[in-house]
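# Coordinate inspection notes
Chain by chain, the residues run as shown.
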Amino acid sequence: MKKEAELMKNFILLIAFIIALGLSLVYEPFTDTIDVVAGATNTTYNTNIDVITGATALNGDQYDDDDDSEFDDD
Amino acid sequence: MTILLILTAVWIIFNYFFYKLIHQYKIYLFVLAGIIGAISLTQEINIINLGYVGLSFFLAVMFTGVADKGNVKKSLIATRAEMSILGTIFISVHGLKFIGFALDYDFILSAPLYFYIGVISLALAIPLFTTSFIIIRKKMNGKNWKKLHKLSYVFYLFVGLHLILIQNDRMYFYIGIFGLYFVLKIWTVLEQKFRKNPVKKAVSTS
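Please read these numbers as outputs of a predicted model, since none were measured by experiment. Residue indices begin from 1 for each chain and proceed along its sequence in written order. Each chain takes a letter, starting from A, and each ligand takes a number, starting from 1, following the order in which they are written. Two thresholds apply to this predicted model, a pLDDT of at least 70 for residue-level local features and 80 or more for giving and counting side-chain atom pairs, whereas whole-chain, interface and lining totals are computed over all residues.

Counting from the N terminus, the helices are the DSSP runs of H or I reaching at least four residues and the strands are the DSSP runs of E reaching at least two. Looking only at helices and strands, one finds four helices and zero strands in chain A. What you see in chain A, going N to C, is helices and strands ordered as α-α-α-α. The buried share of chain A, reckoned over its 74 residues, is 11%. With C-beta atoms placed from the backbone, a residue counts as buried when 20 or more other C-beta atoms lie within 10 Å of its own, as exposed when 12 or fewer do, and as partly exposed for counts between those limits.

Here's what the structure looks like:
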């Protein structure tokens, strides 16, 4: 019992790690993780530089192109 | 976050099996990390200049301090200095890359708060980094070295604030990680205090 109490923090760390990894796998598509390791940019991992430089917003760009442009040719 | 956690786990596992080799060939590892860091500084985006690799090393070092005794902790303590040096090399790449961005895009004076907090944490890492080398450490008084390395807690605080204030999708993960560290650190400090000054059991004489 005493030994178990001495390892309580390690147990908490292990559980916290498993929960965090599980949640991150749910919220961050694994394909995006592979992409960023390979050097490709994606919305999950390439937010900082874009936001600082004003290229895109965090959850999409309010100036995104849409299909119904008023200048479309008939 | 997935990258960060996987990398941290990889370093811990790798360190567990090869900590003697890491300690023995540390100079080669530092040179290799320097070369990789210099190359990634010239790249557009990768996990090194986004700061994930550096942070993963620091997470391993941070949580070593709050873990319970055991073989994993023993292996991590043996290479704590090496891990910190590698972490600083990679985190410097991240810092320099973003300072470069700030200069290129002319927003060095109008950057978000987390940018300046990041710069401060990078500045804090410099004395910790230089005094982690055994040659310099030997030249220092042991007490002074310990005092100086208390600065690492301020460094962790600034890194935590930097990550949280970015306010991206991973903010809650960072709050969780640094919150857990804070709680476990208090636990460890209290444990150490209790061991030093155990409460004397009252002996009943009745």
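Time to look at the nonpolar core. Nonpolar side chains in soluble globular proteins tend to end up buried together. Residues and elements named next belong to chain B. To count as a nonpolar core, a set of buried Ala, Val, Leu, Ile, Met, Phe, Trp, Tyr and Cys residues must be joined through C-beta atoms within 7 Å. Of all hydrophobic cores here, the largest spans 44 residues; its most connected members are Tyr52, Phe57, Ala60 and Phe90. Listing elements by their share of this core, those giving two or more residues are α1 (2-24), α3 (52-64), α5 (80-104), α6 (113-130), α9 (151-165) and α10 (171-196). The dominant element in this core, judged by the number of residues it contributes, is α3, at ten residues. Placing C-beta atoms from the backbone, we regard two residues as in contact once those atoms come within 7 Å. Excluding its chain neighbours within four sequence positions, the residues that come into contact with alanine 60 are Thr8, Trp11, Ile12, Leu76 and Met83.

A word on the confidence of the model for chain A. Close inspection of predicted coordinates is inappropriate in any region flagged by low pLDDT. Per-residue confidence from the predictor is reported as pLDDT, which spans 0 to 100. Chain-level pLDDT for chain A is 66 on average; 43% of the residues reach the 70-or-more range. Across residues 55-65 of chain A the pLDDT falls below 50, and counting only partners more than four positions away or on other chains, this stretch makes eight contacts in the model.

This part covers the packing of helix α2 (residues 8-27) of chain A against α10(B). Structural elements are reduced to axes, namely lines fitted to C-alpha atoms, with helices fitted over the stretch in contact, and the angle between N-to-C directions of any two is expressed from 0 to 180 degrees. Here α2(A) crosses α10(B) at 180°, and the two axes come no closer than 11 Å. In terms of axis orientation, α2(A) runs roughly antiparallel to α10(B). Between α2(A) and α10(B), the contacting residues are A:Lys9, A:Ala16, A:Ala20 and A:Ser24 on the first element and B:Phe173, B:Gly176, B:Leu180, B:Leu184 and B:Trp187 on the second. Only Asp, Glu, Lys and Arg are considered charged in this grouping, and only Ala, Val, Leu, Ile, Met, Phe, Trp, Tyr, Cys and Pro are considered nonpolar; every other residue, Gly among them, is considered polar. Residue composition of the contact of α2(A) with α10(B), by class: six nonpolar, two polar and one charged. Should an angle fall under 35 degrees it is called roughly parallel, over 145 degrees roughly antiparallel, and 65 to 115 degrees roughly perpendicular, with every other angle called oblique.

Residues and elements named next belong to chain B. Phi at aspartate 106 takes a positive value of approximately 60°, unusual for a residue other than glycine. Mapping aspartate 106 onto the fold places it in the loop between α5 and α6. Residue classification places aspartate 106 among the exposed residues on the basis of 8 C-beta atoms within 10 Å.

Here the focus is α10(B). By this rule the span expected of a helix is its residue count minus one, scaled by 1.5 Å. With 26 residues, α10(B) should reach 38 Å at 1.5 Å per residue; the first-to-last C-alpha distance of 37 Å fits that figure. B:Phe173, B:Tyr174, B:Ile177 and B:Leu184 are the residues of α10(B) that are buried. Of the surrounding secondary structure, the elements contacted by the buried residues of α10(B) are α2 of chain A together with α9 of chain B.

Before going further, it helps to spend a moment on the packing of α3(B) against α5(B). Any two packed helices are characterised by the angle at which their axes cross and by the distance between the axes. Residue and element names in this part refer to chain B. Running from amino to carboxyl end, α3 crosses α5 at an angle of 150°, the nearest separation of the two axes being 7 Å. One finds that α3 runs roughly antiparallel with respect to α5. Considering only the axes of α3 and α5, their crossing is left-handed. Each of Val53, Gly54, Leu55, Phe57, Phe58, Ala60, Val61 and Thr64 in α3 lies in contact with α5, whose residues at this interface are Arg80, Met83, Ser84, Leu86, Gly87, Phe90, Ile91 and His94. For the contact of α3 with α5, the class distribution of residues is ten nonpolar, five polar and one charged. Two helices that cross are described as forming a left-handed crossing if the nearer one is turned anticlockwise from the farther one by less than a right angle, and a right-handed crossing if clockwise.

With that out of the way, let us pick up the environment of B:Ala78. Residue and element names in this part refer to chain B. Of note, alanine 78 is situated in helix α4 (residues 71-78). For alanine 78, a count of 15 C-beta atoms within 10 Å translates into the label partly exposed. As a C-alpha pair, alanine 78 and tyrosine 16 span 62 residues in sequence and 9.9 Å in three-dimensional space. Not counting the four nearest positions on each side in its chain, alanine 78 is found in contact with Tyr19 and His23.

Residue and element names in this part refer to chain B. By secondary structure assignment, the location of isoleucine 126 is in helix α6. Residue class for isoleucine 126 comes out exposed when judged on the 11 C-beta atoms lying within 10 Å of it. Separated by 34 residues in the primary sequence, isoleucine 126 and serine 92 have C-alpha atoms spaced 9.2 Å apart.

Attention now moves to the environment of B:Ile3. Along the polypeptide, B:Ile3 turns up in helix α1. You can call B:Ile3 buried: it has 22 C-beta atoms within 10 Å. Separated by 155 residues in sequence, B:Ile3 and B:Phe158 have C-alpha atoms that sit 21 Å apart. In contact with B:Ile3, other than residues within four places in its own chain, are A:Thr33, A:Val36, A:Val37, B:Ile47 and B:Tyr52.

The next subject is the confidence of the model for chain B. Residue and element names in this part refer to chain B. Of all residues in chain B, 96% have pLDDT values of 70 or greater, and the mean over the chain is 87. When mean pLDDT is compared element by element in chain B, helix α2 (residues 26-41) scores highest at 92, while helix α7 (residues 134-139) scores lowest at 87. Predicted confidence is poor over residues 202-206, with pLDDT under 50, and the contacts of this stretch with residues over four places away or in other chains come to zero contacts. Taken together, the chains of this predicted complex give a pTM of 0.81 and an interface ipTM of 0.76.

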